[in-house]
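Residue strings, one per chain:
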Amino acid sequence: MNNKKKRVLMTLTAGAIIGIGLMNAKVRDGIIMTVDGEEVPSYEFVYLFNKNNQQQIQPQTLDEYLQLFEIYRLKVAEAKKQGVDTTSAFIKEMNQYRRELLEPYISDTDYFNSLVEEAVHRDSLLVESSHIMIIRTNDQEKDARNLALLDSLRTELLNGGDFAQLAKTYSQDKFSSEKGGYLGFSPAGTYPYGFETAVYETSEGEISEIVESHVGWHIVKSGQRKLSQEFNRPTRAFELIKTEVERRASSPFDTRYHQLKGRTLDILKSRHPEQKLDGLNEEEIYEALVSAEEQAQYDFNEDYRNLVDEYVNGSLLYAVSVENIWDRASNDKEGLQNYFETHRDKYKWVNPHAKGLLVQALNDSVAKEIKLHVTDMPSDSIAPFIRKNFKKEATVERFNIGEGGNAIIDYLMFGGEAPDLSEKKYQACFVIEGRIAESPENYEDVKSEIVNDYQEALEKEWVESLRKSHKVELNQKELNKIRKTLSKN
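The present account deals with the structure reproduced in this document. (Residues numbered from 1 in each chain as written. Predicted model: local features only at pLDDT ≥ 70, side-chain atom pairs only at ≥ 80, totals over all residues. Heavy atoms only, no water.)

So, the overall build of the chain
- Broken down by element type, the chain carries 20 helices and 10 strands.
- For 489 residues, the compact-globule estimate of 2.2 N^0.38 gives 23 Å, and the chain exceeds it by more than 25% at 34 Å.
- The proportion of buried residues among the 489 residues of the chain is 42%.
- Summarising the internal contacts of the chain: among those between residues at least 6 apart in sequence, 72% fall at separations of at least 24.
- Accessible surface computed for the chain: about 27,700 Å², of which carbon and sulfur atoms make up 49%. (Helix = DSSP H or I, 4+ residues; strand = E, 2+ residues; numbered from the N terminus. Rg over C-alpha atoms; globule rule 2.2 N^0.38 Å. Buried < 20%, exposed > 50% of the residue type's maximum accessible area, 1.4 Å probe, protein only. Contact = heavy atoms within 4.5 Å. Areas by Shrake-Rupley, 256 points an atom, 1.4 Å probe, with all protein chains shown as cover.)

Set out below in structure tokens:
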């Protein structure tokens, strides 16, 4: 997510989830206001009011926050009016967020934790193994014949057959077959989870069941166990292993992905027996049940509903603010200059600033050549010319700086002491179009301050426009009820 967007949403959402919904049923069911006829629930207002005050050094009163909340809701209404919430990109992002937020409510946490514990244990060991592999094809009949062959090979092995010889003859893993299928000692995480499980769970010297992977099918012979330290391989941190399990188990190629998804399906089926799933394939069943659970969580889980609402509305706020305020304040050069001219007296420097182009060259010869080329050159062409034609021999940068801010500028513009450049790459320096300015000459001279002030002016102008184009009706009776309820908590 964009960092600026994160900051906007954090302003609305930072703070603990638990313990802030301290309101009675009447507050939860009430309507605090309508915006263009759309009802705004009281629980949303109270939720954001509490969270906002958790991050304020000086908490706001209910009436102070009400003003901010009304502006927030006006901007959300404007975003909806512009159709931001109907774009495919917005809908996709919101659906993705809801799924991510839902995950903890539908996951078998105990089972996932057992997978992490298993991975931690395996990480301490390296296990020797060999295998016979048959590669999967797109021909079902051929795959069936190959599986039958592999099954007969396993029977032969269980009856004392020579694993190495059978691997050389039948295994389709060309890298290990010539070595009798030998893979050596491998750390956990080297191979697909199903294959790894066969290696670790099969006793030393024993033959595994037929194991399926995304590549094909395998018979595994497990060998010796040795501690990771014997191979100078340090045991990894718990969080690192957990992160790896999460990453690998999120891939459909990993057996754990299907195990976890199956357990999620069992959880969802038990919660939604009313869902009619006849005639649906597995993916359609999963989507139907997840959609039902999303709606149920939104209807009955206050924390989930609040987080969804504030993310959706916060995203609408962000989108419409980018267009109307932030991008405009940063990119409207004419508007920025006009604002500077109108408020010029507000922007002062304590001390004069030196302005111009600072050129640093490898030596005096390069410096002299540059001066000859740029003598009659248009101002805007000088820096690009130097960067293009002397890119390995000189640098050029525009400066706007007060005395004491740069040793070279102090020497060239303010009569300061000559800096020692003998150990520097660039040993010759000079200024083009240098001058001393007593005060800012244009908005570029005080750009950060101007952009901030111009943004505030645009915000004020925009809010006034929103108040005229959208109708807000406050439910004063409901506000009094909320005030009374909060005063008891």
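Concerning the layout of surface pockets
- Considered as a void within the structure, the largest pocket measures approximately 650 Å³ in volume.
- Looking at the largest pocket, it is lined by 20 residues, and the ones nearest its centre are Glu103, Ser107, Ala249, Leu260 and Thr264.
- Those elements giving two or more residues to the lining of the largest pocket turn out to be α5 (88-106), α6 (109-123), α11 (238-249), α12 (255-271) and α13 (282-300).
- Class assignment for the residues of the lining of the largest pocket results in nine nonpolar, five polar and six charged. (1 Å grid on protein atoms, 1.4 Å probe; cavity = no way out; pocket = protein on both sides within 12 Å on 5 of 7 lines; lining within 4 Å. Points joined across faces, edges and corners; volume = space filled by probe spheres on them. Nonpolar A, V, L, I, M, F, W, Y, C, P; charged D, E, K, R; others polar.)

Considering empty space enclosed by the protein
- Under the defined criterion, the tally for this structure stands at three cavities of 30 Å³ or more.
- Here the largest cavity is characterised by a volume of approximately 100 Å³.
- In terms of lining residues, the largest cavity is bounded by 13 residues, among which Ala119, Glu196, Glu244, Arg248 and Arg256 are the most central.
- Those elements giving two or more residues to the lining of the largest cavity turn out to be α6, α10 (193-201) and α11.
- Top element by residues in the lining of the largest cavity is α11. It accounts for four residues.

Let's talk about the pattern of salt bridges
- Under the definition given, this model contains 28 salt bridges.
- Glu44 serves as the salt-bridge partner of Arg73, at 2.7 Å between the closest nitrogen and oxygen. Note that Arg73 is positioned in helix α4 (residues 62-81) and Glu44 in helix α3 (residues 42-54), a separation of 29 residues in sequence. Each member of the pair, Arg73 together with Glu44, is buried.
- One salt bridge in this structure joins Arg467 and Glu70, with 2.7 Å as the shortest N-O distance. Placement of Arg467 in helix α19 (residues 447-469) and of Glu70 in helix α4 is noted, with a sequence separation of 397 residues between them.
- Judged by relative accessible area, Arg467 falls into the partly exposed class, the value being 40%.
- What emerges from the salt-bridge pattern is a single network uniting Glu38, Glu44, Arg73 and Lys80. (Salt bridge = Lys/Arg side-chain N within 4 Å of Asp/Glu carboxyl O.)

Some words on the sheet that holds strand β10 (residues 472-474)
- Strand order in the open sheet formed by three strands is β2-β1-β10, and the pairing between neighbours is antiparallel. For this open sheet the edge positions go to β2 (38-41) and β10, each flanked by a neighbour on one side alone. Across the sheet, the mean angle from the axis of one strand to that of its neighbour is 25°, orientation sign disregarded.
- The sheet contacts of α3 involve β1 (31-35) and β2, and relative to β2 the element is tilted by about 45°.
- The sheet strands contacting helix α20 (residues 476-487) are β1 and β10, and the helix crosses β1 at an angle near 145°. (Pairing = 2+ DSSP bridges. Axes fitted to C-alpha atoms, helices over the stretch in contact; angles between N-to-C directions.)

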